[in-house]
Amino acid sequence: MAAKTNSSAERKARIEAMRRAERSRERRNRILTIGASVLIVAGLVVGGTVLIRSQSDDSDSSSTASDSKSTGKWETGSDGVKTWSTKLAQNHVTKTVKYAMEPPVGGDHNPVWQNCNGDVYDKAIKNENAVHSLEHGAVWVTYNSKASDADVKALAEKVKKTPYTLMSPVDDQKDPIMLSAWGHQRTVTSATDANVDKFFETYVQGEQTPEPGAACTNGVS
């Protein structure tokens, strides 16, 4: 009888121990389940936020091109230099910009400037990068197919010797040879036109420069 009692007690003890272990496992599982749920929810929230931001960014990047047109107009001085009548925007954008003039002399532009340390480009460059160079005080020499080979060569030699200048073809411009600085522009008749030197002297790092002394190297080349 005593043996049966002892056996029964031991069995009850083992069962109770098993029940305690089971309850303990259930508590651990609940904690793990709750923790996992919290992590999942947090992941969904973060993922959703990233997705929304990504979609927003994608929407911005694929939207209509930025437009820097303003109510301004050209005002031509007695020296033949045209000046844009209103303040030009200086925002950094990564989209294509529709400018109010060609070549542009200011407005929203790419965050990276075109190298302008006497750089000569034989192919068209992006307006958005060139405008950033103008913001740094560069003069941009441009020409189209009507410019003579001799003038293009002579202007290229001048640009190569002049820091804070750059040169490139712009097929859509109105005149064969044009000079641009931030907010200013003029047409010249040839590479030997005295107005080329005057424009360089006045506008290379001139008073019109929004960011004087900013770099003209380590940009786009």
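This structure is a prediction, so every number in the text was calculated from the model and none was measured. (Residues numbered from 1 in each chain as written. Predicted model: local features only at pLDDT ≥ 70, side-chain atom pairs only at ≥ 80, totals over all residues. Heavy atoms only, no water.)

Engineer: Help me get a handle on the overall build of the protein, residues and values and all.
Structural biologist: Counting its secondary structure elements, the protein contains 4 helices and 9 strands. When the helices and strands of the protein are read in sequence order from the N terminus, they spell out α-β-β-β-β-β-α-β-α-β-β-β-α. When each of the 221 residues of the protein is scored for burial, the buried share is 38%. Look at the contacts in the protein between residues 6 or more apart in sequence, and 68% of them connect residues 24 or more apart. Total accessible area on the protein is roughly 13,200 Å²; 53% of this is exposed by carbon and sulfur atoms. (Helix = DSSP H or I, 4+ residues; strand = E, 2+ residues; numbered from the N terminus. Buried < 20%, exposed > 50% of the residue type's maximum accessible area, 1.4 Å probe, protein only. Contact = heavy atoms within 4.5 Å. Areas by Shrake-Rupley, 256 points an atom, 1.4 Å probe, with all protein chains shown as cover.)

Engineer: An account of the state of the cysteines is requested, with residue identities and associated values reported.
Structural biologist: This model, assessed by the stated rule, comprises 1 disulfide. The disulfide partner of Cys116 is Cys216, and the S-S distance across this bridge is 1.6 Å. The S-S bond linking Cys116 to Cys216 shows a torsion near -90°; that makes this disulfide left-handed. Of this pair, Cys116 sits in the loop between β4 (97-98) and β5 (117-120) while Cys216 sits in the segment after α4 (194-203), and the two are 100 residues apart along the sequence. Here Cys116 matches Cys216 in class, with each residue buried. (Disulfide = S-S within 2.5 Å.)

Engineer: Describe the pattern of salt bridges, and please don't skip the residues or the numbers.
Structural biologist: Tallying each qualifying case throughout the model produces 2 salt bridges. Across the pair Lys160 and Glu157 runs a salt bridge whose closest N-O atoms are separated by 3.8 Å. In this pair, Lys160 and Glu157 are both assigned in helix α3 (residues 149-160), 3 residues apart and thus about one turn of the helix distant. (Salt bridge = Lys/Arg side-chain N within 4 Å of Asp/Glu carboxyl O.)

Engineer: Tell me about the packing of aromatic side chains, and name the residues and values.
Structural biologist: Scanning all chains against the criterion turns up 2 aromatic pairs. Relative to Trp84, the ring of Trp74 lies with its centre 5.2 Å away and its plane at 85°, an arrangement referred to as edge-to-face. Pair noted here: Trp74 is in strand β2 (residues 74-76) and Trp84 is in strand β3 (residues 82-84), with a separation of 10 residues, a long-range link. Under the relative-accessibility criterion, Trp74 is labelled partly exposed at 24%. Classification of Trp84 by relative accessible area gives buried; the value is 9%. Seen from their ring centres, Phe199 and Tyr203 are 4.5 Å apart, and the 45° between their planes marks the pair as tilted. With Phe199 and Tyr203 both in helix α4 and 4 residues apart, this pair spans about one turn of that helix. (Phe/Tyr/Trp six-rings, centres within 6.5 Å; stacked < 30°, edge-to-face > 60°.)

Engineer: Report on the nonpolar core, specifying residues and quantitative values.
Structural biologist: Membership of the largest hydrophobic core comes to 40 residues, with the highest contact counts inside it found for Met167 and Phe200. Aside from chain neighbours lying at most four places away, what touches Phe200 is Val139, Val141, Lys158, Val159, Thr162, Thr165 and Leu179. (Core = buried A, V, L, I, M, F, W, Y, C linked by side-chain atoms within 4.5 Å.)

Engineer: Could you give an account of the confidence of the model for the protein, with specific residues and numbers?
Structural biologist: Across the protein, the average pLDDT comes to 83, with 68% of residues at 70 or higher. Per-element confidence in the protein ranges from a low mean pLDDT of 50 for helix α1 (residues 2-61) to a high of 99 for strand β6 (residues 139-143). Low confidence marks residues 44-64, where pLDDT is under 50. Its contacts with residues over four positions away, or in another chain, come to 4 contacts. (pLDDT = per-residue confidence, 0-100.)

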